[in-house]
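Results of the structural survey
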Amino acid sequence: MTANIIDGKSVASTLKARLKHTLQAECNKDKQTPGLAVIIVGEDPASVIYVRNKRLGCEEIGIHSHHYALPVETTEQYLIDLIRQLNADPTIHGILIQTPLPQHVNAQTLVECIDPHKDVDGFHPYNLGRLAQRKPLLRPCTPFGVMMLLDHIQQVYKNKHAVIVGASNSVGRPMAFELLIAGATVTLCHRFTSDLSYFIRQADILVAAVGRAGLITGKDIKEGATVIDVGISRLPNGKLTGDVEFSVASERAAWITPVPGGVGPMTVAVLLYNTLLAAGFTISAEPL
Ligand code: NAD
C-alpha cells in the first residue's frame, strides 16, 4: 500500500477562504472587524516565525492583528495588567500568548487571566473543561485542526482505535477528548508508556505529538491506518521532520500527513477560525 498524502496546506487554504468569505459577508452587514492580540515576550527564533505566520494569516483574511512584542525582562505583573486591558477592550476579540515564555513568567497564571471568551488558543481551564464535558466552545487549535483533516478524508471513528503519542495540555490531552467526542476508542501514550510499539501496532488512527524525530518506526504502523504527525524537529541539515519514519510508514498507512505541510498550516488557520468565532461570527461546519 502507498499512503495518500493529507495535504494540510490545501485544506488550510480552503478553511481560510471560507473564513475570509464569512468575514466579508458579515462585516458588510455592520459586524465589527475581529481583532486578535498576540503577545510575545523575548525573541525565541521559532516563536518569532510562528507569530509572523499568525500576523500574515490575519492579513490574508481581514482580521485586525495587534502585536505586543515585549522585551525578555518584562515582568509577570506587566503582562497580567496588559491582559486585563485587552480583556476590557471591545475591539479585541482574541488574545494569544506565544510560548515559550521566560522562566520568571508563569504561563498558566497568564492563561487563567485571559477572558475565556477571548481565549483563542483554547487553553483556559474553562475551555478545556468544556471540551472534556463534550460541550466545546473555543477548542485548542492543533487538535481541532487535526479533526478537520480527519473529517476532510471522511475518517470513520466509531469502532476505531485511536492512539495518541504525547499527552501535553496543548496537544495530546485535548486530542484525546476530540477523538472521544468523535466516537473513537482512545489510548493516550506518553513518556512513561513502556512498550510504545504494542500500542502503535493497534492504531487505526495514530496521532504522534512528541517532537522526537523517528520515534515512531514505520514497521509498527498498522496496514491501512491513518497517520497524523504533529511533531516537529529540526534535523542537523536544517530540514524539518516529524515523529514518524515517513518513508516506511507511508508504505503501510492508507493516509499520512507530511512534515512540513500537514498539521502545521491547520494550526494557524484554526486560530483564525477561533478568532472569528470569539467575535461572534457564524462559520459553516461543513467538512473542508
Ligand atoms: P510537550 O513537550 O509539551 O509534550 C510532549 C509529550 O510527549 C509529553 O506528553 C511527553 O510525555 C511525551 N513524550 C516524550 N517522550 C516520549 C516518548 N519517548 N514516548 C512517548 N511519549 C513521549 O510538546 P507539545 O507542545 O505537545 O508538542 C509536541 C510536538 O508537536 C513538538 O514537536 C511540537 O513542536 C509539535 N507541535 C506542532 C504543532 C503544529 O502545528 N504542527 C503545534 C503544536 C506542537
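Residues numbered from 1 in each chain as written. Predicted model: local features only at pLDDT ≥ 70, side-chain atom pairs only at ≥ 80, totals over all residues. Heavy atoms only, no water.

Here we look at unusual backbone geometry
At the junction of Thr-99 and Pro-100, the peptide bond is cis and its omega measures out at 5° in the coordinates. By secondary structure assignment, the location of Pro-100 is in the loop between β4 (94-97) and α4 (107-113). A cis amide bond links Val-259 to the next residue, Pro-260, at an omega of 0°. Take Pro-260: it is sitting in the loop between β11 (255-256) and α10 (263-278). Despite not being glycine, Asp-30 shows a phi value in the positive range, around 75°. Even without a glycine there, the phi angle at Gln-154 is positive, about 55°. In this structure, Gln-154 sits in the loop between α6 (141-152) and β5 (161-165). (Helix = DSSP H or I, 4+ residues; strand = E, 2+ residues; numbered from the N terminus.)

Concerning the site of the ligand
Neighbouring residues of the ligand: 21 residues in total, closest Ala-167, Ser-168, Gly-211, Ile-232 and Thr-267. Here an oxygen atom of the ligand and a side-chain polar atom of Ser-168 are 2.5 Å apart. Take Arg-191: an N or O atom from its main chain is 3.1 Å from an oxygen atom of the ligand. Protein chains bury 73% of the 850 Å² of accessible surface belonging to the ligand in isolation. Tallying contributions element by element places α10 first for the shell around the ligand, with three residues. (Near = heavy atom within 4 Å. Polar contact = N/O pair within 3.5 Å; in protein donor to acceptor, adjacent residues only side chain to side chain. Areas by Shrake-Rupley, 256 points an atom, 1.4 Å probe, with all protein chains shown as cover.)

Describing the state of the cysteines
For the coordinates displayed, the defined rule picks out zero disulfides. Here Cys-58 stays free of any disulfide, with the sulfur of Cys-141 as its closest cysteine sulfur at 11 Å. Judged by relative accessible area, Cys-58 falls into the buried class, the value being 0%. (Disulfide = S-S within 2.5 Å. Buried < 20%, exposed > 50% of the residue type's maximum accessible area, 1.4 Å probe, protein only.)

Overview of α10
Relative to the 22 Å expected for 16 residues at 1.5 Å per residue, α10 spans 22 Å between its end C-alpha atoms, a close match to the ideal helical length. Three or more residues of α10 are buried, namely Val-263, Met-266, Val-268, Ala-269, Val-270, Leu-271, Leu-272, Tyr-273, Asn-274, Thr-275 and Leu-276. The inward-facing, buried residues of α10 contact α1 (8-27), β2 (35-41), α2 (45-61), β4, α6 and β8 (226-229). Note on α10: the residue one or two positions beyond its end, Gly-280, has a positive phi of about 90°. (Expected span 1.5 Å × (residues − 1). Contact = heavy atoms within 4.5 Å.)

Brief notes about the nonpolar core
The tendency in soluble globular proteins is for nonpolar side chains to be buried side by side. If you look at the biggest cluster of nonpolar residues, it comprises 48 residues, and the most contacted ones within it are Leu-15, Leu-179 and Val-207. Secondary structure elements with two or more residues in this core: α1, β2, α2, α6, β5, α7 (172-182), β7 (205-208) and α10. Setting aside its immediate chain neighbours within four residues, Leu-179 contacts Met-147, Leu-150, Tyr-157, Ala-162, Ile-164, Ala-184, Val-186 and Val-207. (Core = buried A, V, L, I, M, F, W, Y, C linked by side-chain atoms within 4.5 Å.)

Observations concerning the side chain of Lys-118
Tracing the backbone through its elements, the reader meets Lys-118 in the loop between α4 and α5 (125-132). This buried residue, Lys-118, is left without a salt bridge; Asp-115 holds the nearest opposite charge, at 5.5 Å. Polar contacts involving the side chain of Lys-118 include one to the main-chain carbonyl oxygen of Asp-89, which spans 2.9 Å. In contact with Lys-118, not counting residues within four places along its chain, are Leu-86, Asn-87, Ala-88, Asp-89, Ile-92, His-93, Gly-94, Ile-95 and Leu-138. (Lys, Arg positive; Asp, Glu negative; His and termini not counted. Salt bridge = Lys/Arg side-chain N within 4 Å of Asp/Glu carboxyl O.)

Quick word on the layout of surface pockets
Estimated volume of the second largest pocket: approximately 460 Å³. Arg-139, Phe-144, Met-148, Tyr-273 and Ala-285 are the residues nearest the centre of the second largest pocket, which is lined by 23 residues in total. Every element with two or more residues in the lining of the second largest pocket is listed here: α1, α6, α7 and α10. Ranked by the residues each element gives to the lining of the second largest pocket, the list is headed by α6, at four residues. Residue classes in the lining of the second largest pocket are distributed as 16 nonpolar, two polar and five charged. (1 Å grid on protein atoms, 1.4 Å probe; cavity = no way out; pocket = protein on both sides within 12 Å on 5 of 7 lines; lining within 4 Å. Points joined across faces, edges and corners; volume = space filled by probe spheres on them. Nonpolar A, V, L, I, M, F, W, Y, C, P; charged D, E, K, R; others polar.)

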